[in-house]
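Fold and contact review
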Amino acid sequence: AIIRRAVRAFPDFPSPGICFRDITPVLKDPLAFCSAIDLFERHLRANFPKIDVIAGLDSRGFLFGPSLAQRFNIGFLLIRKKGKLPGPTESVSYSLEYGKAELEMQCDAVEAGQKVVLIDDLLATGGTMNAACELIKRRNAEILECLVVIELKSLNGAEKLKPYPVHSLLQYD
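Residues numbered from 1 in each chain as written. Predicted model: local features only at pLDDT ≥ 70, side-chain atom pairs only at ≥ 80, totals over all residues. Heavy atoms only, no water.

- Looking at an unreviewed UniProt entry, one finds the protein chain named Adenine phosphoribosyltransferase, with Xenopus laevis as its source organism.
- Of the protein chain, the UniProt comment under Catalytic activity (unreviewed entry) reads exactly: "AMP + diphosphate = 5-phospho-alpha-D-ribose 1-diphosphate + adenine". (UniProt positions renumbered as here; feature names shortened; annotations may be inferred.)

Printed below as a string of structure tokens:
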């Protein structure tokens, strides 16, 4: 309840008909932020006996992922927009409603067989998270689950991610 109260709605942003769900107040409120991490931790501990790494999506997955990884004493890896990471990288391009984008991660970020949980702030159509899953899959790592703070159910992003399960703290239509 504390997280839901902290999320702000901005109607008609960034365009008419869109209701933007803003997590900024969750980050400003230490209790709300800690509650989100606590809920993710409890869920993961109840469902996965072993997790090797948390993978965060650029950029808001970077806000929740490191705190969660610390709770498990495991590493955190970055999945970034193309051109932001040094060294050898693996990249995947994907479609957005307004064009194409590319995500990448360093080739040595995850090893074959490692058990990975992906995290981001919001799941809408699933395009970005699906691309991130593809990167992890290419390294022959095992995707346990995709975590998000907010899931926009009416956009069916979770369907696009199958067979990978999605766990969201908040759902909106």
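1. A few points about the overall build of the protein chain
- Within the protein chain, the secondary structure is distributed over 6 helices and 9 strands.
- Relative to the globule expectation of 16 Å for 173 residues, the C-alpha radius of gyration of the protein chain, 16 Å, shows essentially globular dimensions.
- Each principal axis of the C-alpha atoms in the protein chain carries an extent, and together these give about 40 × 35 × 30 Å.
- Within the span of the protein chain, comprising 173 residues, buried residues form 44% of the whole.
- The contacts in the protein chain between residues at least 6 apart in sequence include a share of 57% that link residues at least 24 apart.
- Counting every atom, the protein chain has about 8900 Å² of accessible surface; 51% of that belongs to carbon and sulfur.
- Between the averaged position of the 22 positive side-chain charges in the protein chain and that of its 21 negative side-chain charges there is a distance of 2 Å. (Helix = DSSP H or I, 4+ residues; strand = E, 2+ residues; numbered from the N terminus. Rg over C-alpha atoms; globule rule 2.2 N^0.38 Å. Buried < 20%, exposed > 50% of the residue type's maximum accessible area, 1.4 Å probe, protein only. Contact = heavy atoms within 4.5 Å. Areas by Shrake-Rupley, 256 points an atom, 1.4 Å probe, with all protein chains shown as cover. Lys, Arg positive; Asp, Glu negative; His and termini not counted. Charge placed at Lys NZ, Arg CZ, Asp CG, Glu CD.)

2. A closer look at the nonpolar core
- Counting residues in each nonpolar core, the largest one holds 29 residues, and the members touching the most others are Leu44, Ile51, Ile54, Phe64, Leu68 and Ile150.
- Elements with a contribution of two residues or more to this core: helix H1 (2–6), helix H3 (30–47), helix H4 (61–72), strand E7 (115–123), strand E8 (142–152) and strand E9 (166–172).
- The element that contributes the greatest number of residues to this core is H3, accounting for 6 residues.
- Those residues in contact with Leu44 that lie beyond four places of it in its chain are Ile51, Ile54, Leu68, Phe72, Val117, Glu145 and Leu147.
- With 26 residues, the next largest nonpolar core counts Tyr94, Val116, Ile143 and Tyr164 among its residues. (Core = buried A, V, L, I, M, F, W, Y, C linked by side-chain atoms within 4.5 Å.)

3. Examining the packing of aromatic side chains
- Under the criterion given, the structure shown has 3 aromatic pairs.
- Between Phe62 and Phe76 the ring centres are 6.3 Å apart and the planes differ by 85°, which places this aromatic pair in the edge-to-face class. Within this pair, whereas Phe62 is found in helix H4, its partner Phe76 is found in strand E4 (residues 75–81), the two being separated by 14 residues in sequence.
- Sitting above the plane of the Tyr172 ring, Arg21 keeps its charged end 3.8 Å from the centroid.
- Cation over ring: Arg45 sits above Phe72, and NZ or CZ is 4.2 Å from the ring centre. (Phe/Tyr/Trp six-rings, centres within 6.5 Å; stacked < 30°, edge-to-face > 60°. Lys NZ or Arg CZ within 6 Å of the ring centre and 35° of its normal.)

4. Some details on the packing of H3 against H4
- At a minimum axis separation of 10 Å, H3 and H4 run at an interaxial angle of 55°. Looking at the two axes, H3 sits oblique to H4. Both H3 and H4 take part in a crossing whose hand is right-handed. In this structure, H3 uses Phe33, Cys34, Ala36, Ile37, Asp38, Phe40, Glu41, Leu44 and Arg45 to contact H4, whose residues at the interface are Leu63, Phe64, Ser67, Leu68, Arg71 and Phe72.
- For the contact of H3 with H4, the residue count by class is 10 nonpolar, 1 polar and 4 charged. (Axes fitted to C-alpha atoms, helices over the stretch in contact; angles between N-to-C directions. Parallel < 35°, antiparallel > 145°, perpendicular 65-115°, else oblique. Left-handed = near helix turned anticlockwise from the far one by under 90°. Nonpolar A, V, L, I, M, F, W, Y, C, P; charged D, E, K, R; others polar.)

5. Some details on the side chain of Ser35
- Mapped onto the elements, Ser35 comes out in helix H3.
- What makes Ser35 buried here is its relative accessible area of 18%.
- Apart from residues lying up to four places away in sequence, Ser35 is in contact with Ile2 and Ile3.

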